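# Examination of the molecular architecture
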Amino acid sequence: MTSDEFALLLDQFTRSAESGVGARFAQHFTEDAVYDDYIYGIHQGRADIAHMMQDLFHRDAADYRWEMFDPVFDGTMGYAWSLSSFTSKIEQFTGKPVVIDGISRFIVRDGLIAEYRESVNGGVAMAQLGVEPGRMDKVFSRWTGWLQERPETVAYLARPKGSRAKARSR
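Here's a quick rundown of the structure. What you see is a predicted model, and the numbers here were worked out from it, not measured in a lab.

## What about the pairing of strand β4 (residues 77-88)?
- Among the 12 residues in β4, nine count as buried, and that is most of the element.
- Two elements, strand β3 (residues 61-73) and β4, share nine bridges in a ladder whose sense is antiparallel. Note that in β4 the partner of Phe73 across the bridge is Gly78.
- As consecutive antiparallel partners, β3 and β4 are separated by three residues, and within that stretch Gly75 has a phi angle of approximately 105°, a positive value.

## Details of a nonpolar patch on the surface
- Together, Val72, Tyr79, Trp81, Leu83, Val99 and Ile103 line one region of the surface with nonpolar side chains, adding up to about 490 Å² of accessible area.
- Looking at the nonpolar patch, the elements with two or more residues in it are β4 and β5 (97-109).
- At three residues, β4 tops the list of elements feeding residues into the nonpolar patch.
- By secondary structure assignment, the location of Tyr79 is in strand β4.

## Some points on the packing of helix α4 (residues 122-129) against helix α5 (residues 133-149)
- At a closest axis distance of 11 Å, the pairing of α4 and α5 adopts a crossing angle of 165°. Relative to α5, the element α4 lies roughly antiparallel. With respect to the hand of their crossing, α4 and α5 are arranged in right-handed fashion. On α5, the residues that touch Gly122, Gly123, Met126 and Ala127 of α4 are Met136, Val139, Phe140 and Trp143.
- In terms of residue class, the contact of α4 with α5 is made up of six nonpolar, two polar and no charged.

## Some remarks on the pairing of strand β1 (residues 29-37)
- Bridging between β1 and strand β6 (residues 112-120) involves four bridges; their strand directions are parallel. By the bridge assignment for β6, Asp36 is matched with Arg117.
- Relative to strand β2 (residues 41-44), β1 runs antiparallel, the two being bridged by four bridges. Residue pairing in the sheet places Asp37 in a bridge with Gly41 of β2.
- Here β1 folds back onto β2 in antiparallel fashion, the turn holding three residues.

## Comments concerning the packing of α5 against helix α6 (residues 151-158)
- As a packed pair, α5 and α6 sit with axes 5 Å apart at the nearest point and diverge in direction by 65°. Here α6 runs roughly perpendicular to α5, going by the angle between their axes. Of the residues in α6, those in contact with Leu147, Gln148 and Glu149 of α5 are Pro151, Thr153 and Val154.
- When its residues are assigned to classes, the contact of α5 with α6 shows three nonpolar, two polar and one charged.

## Quick look at the environment of Ile39
- If you trace the backbone, Ile39 turns up in the loop between β1 and β2.
- Sequence separation between Ile39 and Phe57 is 18 residues, and the spatial gap between their C-alpha atoms is 9.0 Å.

## Some thoughts on the sheet that holds β2
- Strands sit in the order β2-β1-β6-β5-β4-β3 across an open sheet of six strands; the sheet is mixed. Looking along the sheet, the strands with just one partner apiece sit at the ends: β2 and β3. Neighbouring strand axes in the sheet, compared pairwise and without regard to direction, differ in orientation by 20° on average.
- Inspection of the sheet shows β4 paired to β5 by 11 bridges, in the antiparallel sense. Bridging from a neighbouring strand, Phe86 pairs with Val98 of β5.
- The strands touched by helix α1 (residues 3-19) are β1, β3, β4, β5 and β6; relative to β3, the strand with the most contacts, the crossing angle is about 170°.
- Taken strand by strand, α4 contacts β4, β5 and β6, and its axis lies near 155° from that of β5.

Criteria and cut-off values
- Residues numbered from 1 in each chain as written.
- Predicted model: local features only at pLDDT ≥ 70, side-chain atom pairs only at ≥ 80, totals over all residues.
- Heavy atoms only, no water.
- Buried < 20%, exposed > 50% of the residue type's maximum accessible area, 1.4 Å probe, protein only.
- Helix = DSSP H or I, 4+ residues; strand = E, 2+ residues; numbered from the N terminus.
- Pairing = 2+ DSSP bridges.
- Patch = residues over 30% accessible without salt bridge, like charges linked within 9 Å, V, L, I, M, F, W, Y side chains within 5 Å.
- Areas by Shrake-Rupley, 256 points an atom, 1.4 Å probe, with all protein chains shown as cover.
- Salt bridge = Lys/Arg side-chain N within 4 Å of Asp/Glu carboxyl O.
- Axes fitted to C-alpha atoms, helices over the stretch in contact; angles between N-to-C directions.
- Parallel < 35°, antiparallel > 145°, perpendicular 65-115°, else oblique.
- Left-handed = near helix turned anticlockwise from the far one by under 90°.
- Contact = heavy atoms within 4.5 Å.
- Nonpolar A, V, L, I, M, F, W, Y, C, P; charged D, E, K, R; others polar.

Here is the structure:
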């Protein structure tokens, strides 16, 4: 896959996410793909990824938009900055608009996404929704636990300052 093909994949990927059709979105992934969403957690396999997008995300969000910018791709791994927006459908936040930015990492295999991870400041979204500080604290504590428990984080914290991890082989 070339950089131009990767950019096209991202455009199709985000348009599929906007559609709310889980099967359409899942077609961009390998059968065994992993999708790590900062709100809905880790989903594995096309069926689970389709469920997350259609039955969880679009249950909670209307008027969804998502665009990727400045994609970079090395033939296997790619990154892009994004903006996304939606209107909340969650009962206590119905009608509140949200806009967020993030960075996404893609591992691509045979023209499909094998792994997706994102880094998004969810606190910005919660502030726009008007989430109560006590609830935000609980969510941030959960996210902190997830970050601290990730194998990459454990390995990073175990290394002494000044040392570096070996390059990841793909």
